[in-house]
Amino acid sequence: ALNHYGITVADRSALHKFIGPPLDESFPEFYGFDAARTAEATEVFRAYFDRQGWRENIPYPGVEDMLAALTARGLQLGVLSNKTEATARKIIAHYFPDTPFRFVFGRAEGRPLKPDPGAAAPVLEALGLAPEEIAYKYGWISRAKLLESAERYGKSPYGEHLKRVAEGKIRY
């Protein structure tokens with residue numbers, strides 16, 4: 001997507017900062033794109049990624065062993081991705097064909113995207129869990145976004161949990 005705008009990045013590791021956060025936050029933050037340019041760049045990237053970029057994913061070292069160990073312990077495994085569901089399934093099938101994932105959820109109309117904790121709704125439903133029964137990993141989500149999500153959940157146990165994470169009272 002950056003090449004589309006004549007931006008070249010000599011060291012591809014400089015793009016690692018794009019891993020995780022949504023593109024609509026990353027393009028403005030890292031390259032100063034306005035809303036229109038961000039929307040176009042996101043579409044350019046998604047078209048490339050769906051066509052061939054998904055093959056450029058590389059599992060982190062030790063992931064296969066970790067998944068095998070979790071499976072051996074009888075744990076249910078699933079994936080929640082901001083990629084399209086079709087692309088997420090393609091990646092999982094390609095890199096982890098023998099791992100028995102119970103579900104693979106990707107970007108879908110009307111479903112919030114990570115880091116919004118509401119994105120976990122289909123995961124909770126698939127596993128039969130209430131929001132307060134899961135932990136939220138506080139990584140690249142901003143403190144402001146975490147507090148905004150906590151406010152949406154109100155005084156529920158999950159809302160209070162998110163608030164404590166944002167305040168630094170709970171660390172993972």
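Whatever comes next refers back to the structure up there.
Now for a description of the structure that goes with this document.

### Looking at the pairing of strand β1 (residues 77-84)
- Pairing between β1 and strand β2 (residues 101-107): five bridges, direction parallel. Bridge pairing links L77 to F101 in β2.
- Between the parallel pair β1 and β2, the chain is carried across by helix α4 (residues 85-95), and the sense of this crossover is right-handed.

### Focus: the packing of aromatic side chains
- Per the counting criterion, the structure on display carries nine aromatic pairs.
- Between the aromatic rings of Y31 and F33, the centroid separation amounts to 6.3 Å while the plane-to-plane angle is 55°, which identifies the pairing as tilted.
- One aromatic cluster is present, built from ring pairs that chain together Y5, F18, F27, F30, Y31 and F33.

### Observations concerning the pattern of salt bridges
- As enumerated under the stated definition, the model contains four salt bridges in all.
- One salt bridge in this structure joins E56 and R12, with 3.5 Å as the shortest N-O distance. Taken together, the residues E56 in the loop between α2 (35-51) and α3 (63-72) and R12 in the segment before α1 (23-31) connect sequence positions 44 residues apart.
- In this structure E56 comes out as partly exposed when scored by relative accessible area, which is 40%.
- By relative accessible area, R12 is classed as exposed at 57%.
- Its salt-bridge partner being E85, residue R89 comes within 3.3 Å of it at the nearest N-O pair. Here the residue R89 and the residue E85 both occupy positions in helix α4, the gap between them amounting to four residues, near one helical turn.
- Exposure remark for R89: the relative accessible area of 45% places this residue in the partly exposed category.

What counts and how
- Residues numbered from 1 in each chain as written.
- Predicted model: local features only at pLDDT ≥ 70, side-chain atom pairs only at ≥ 80, totals over all residues.
- Heavy atoms only, no water.
- Pairing = 2+ DSSP bridges.
- Helix = DSSP H or I, 4+ residues; strand = E, 2+ residues; numbered from the N terminus.
- Right-handed = clockwise from strand over helix to strand, strands pointing away.
- Phe/Tyr/Trp six-rings, centres within 6.5 Å; stacked < 30°, edge-to-face > 60°.
- Salt bridge = Lys/Arg side-chain N within 4 Å of Asp/Glu carboxyl O.
- Buried < 20%, exposed > 50% of the residue type's maximum accessible area, 1.4 Å probe, protein only.

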